[in-house]
Amino acid sequence: ADLEAYRQCIDGEFIKKKVRARWYADHPGALPEGPVNLEIKRRRGNATGKELCGTGQLVVSKPDELFDPGRWNNIFGNSAFAPLVLARPLIPVLWSCYRRRRYYDPWSDARLSLDDCIQGLAFNWYCNAGKPVPHTVRLNTIVIEVKSPVELHPPFLQQLAGAQRGFSKYKRLIAAFSGNQL
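Residues numbered from 1 in each chain as written. Predicted model: local features only at pLDDT ≥ 70, side-chain atom pairs only at ≥ 80, totals over all residues. Heavy atoms only, no water.

Draft legend 1. Representation of the packing of aromatic side chains. Applying the stated criterion across every chain yields a total of one aromatic pair. Consider the rings of Phe 123 and Phe 177, whose centres lie 5.3 Å apart with planes at 10°: the pair is stacked. Here Phe 177 lies in helix α5 (residues 169–178) and Phe 123 lies in strand β5 (residues 110–123), a separation of 54 residues in the sequence. On the accessibility criterion, Phe 177 (2% relative accessible area) is buried. Sitting above the plane of the Tyr 98 ring, Lys 169 keeps its charged end 4.6 Å from the centroid. (Phe/Tyr/Trp six-rings, centres within 6.5 Å; stacked < 30°, edge-to-face > 60°. Helix = DSSP H or I, 4+ residues; strand = E, 2+ residues; numbered from the N terminus. Buried < 20%, exposed > 50% of the residue type's maximum accessible area, 1.4 Å probe, protein only. Lys NZ or Arg CZ within 6 Å of the ring centre and 35° of its normal.)

Draft legend 2. Layout of unusual backbone geometry. Its identity as a non-glycine residue notwithstanding, Cys 117 has a phi of 55°, on the positive side. Following the sequence through the fold, Cys 117 ends up in strand β5.

Draft legend 3. Structural view of the state of the cysteines. Applying the stated rule across the entire model yields zero disulfides. Cysteine Cys 117 shares no disulfide, and the gap to the nearest cysteine sulfur, in Cys 97, comes to 8.5 Å. (Disulfide = S-S within 2.5 Å.)

Draft legend 4. Fine view of the side chain of Asn 124. Locating Asn 124 in the fold gives a position in the loop between β5 and β6 (137–138). Not counting residues within four places of it along the chain, the set of residues in contact with Asn 124 comprises Phe 67, Ile 91, Pro 92 and Val 93. (Contact = heavy atoms within 4.5 Å.)

Draft legend 5. Spotlight on the side chain of Gln 119. With respect to the helices, strands and loops of the structure, Gln 119 is situated in strand β5. You can call Gln 119 buried: its relative accessible area is 13%. For Gln 119, the side chain forms a polar contact with the side chain of Arg 138, separated by 3.4 Å. For Gln 119, the residues in contact, after removing those within four places along its chain, are Pro 28, Trp 95, Ser 96, Cys 97, Thr 136, Val 137, Arg 138 and Leu 173. (Polar contact = N/O pair within 3.5 Å; in protein donor to acceptor, adjacent residues only side chain to side chain.)

Draft legend 6. Summary view of α5. Regarding α5, the residues found buried are Lys 169, Tyr 170, Leu 173, Ile 174, Ala 175 and Phe 177. One or two positions beyond α5, positive phi appears at Gly 179, with a value near 80°.

Next comes the structure, spelled out in structure tokens:
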């Protein structure tokens, strides 16, 4: 099995790519009951980009079903994503959720996303060398993403103490499940 994206994250590589399945729900932690988008998120240094690769229907009744590679490959194997799916089976690693609120700052023309209630609800034990993992982990943090046409951030963000650039919810949740401190 190929866990290239997982290893890139853990090893802190400069160039990364991850495949992400995203669905929206009325409450945090809801299992998918309909459309699921498959995306590739790429990063080279601080530059990131997302590409929608396909949309499929997925209904699961328990979290363990989210980690069944066959389920994902059956859904997306006939999409524009098929060449990647057929070359390397998709191996789900992490099920996470968070609450996102979106804002606009007219001063800087920036779009702001505020993420909180960040939690990992399940982790593929295979990625942790088969060792048991906690059922749920929570990050005691708030993440603010700024998307701005220029490198000008709103003044109130420039004054935040302890602000950190390049925070990865994915990497922090994996570390928490694995018992590692970042």
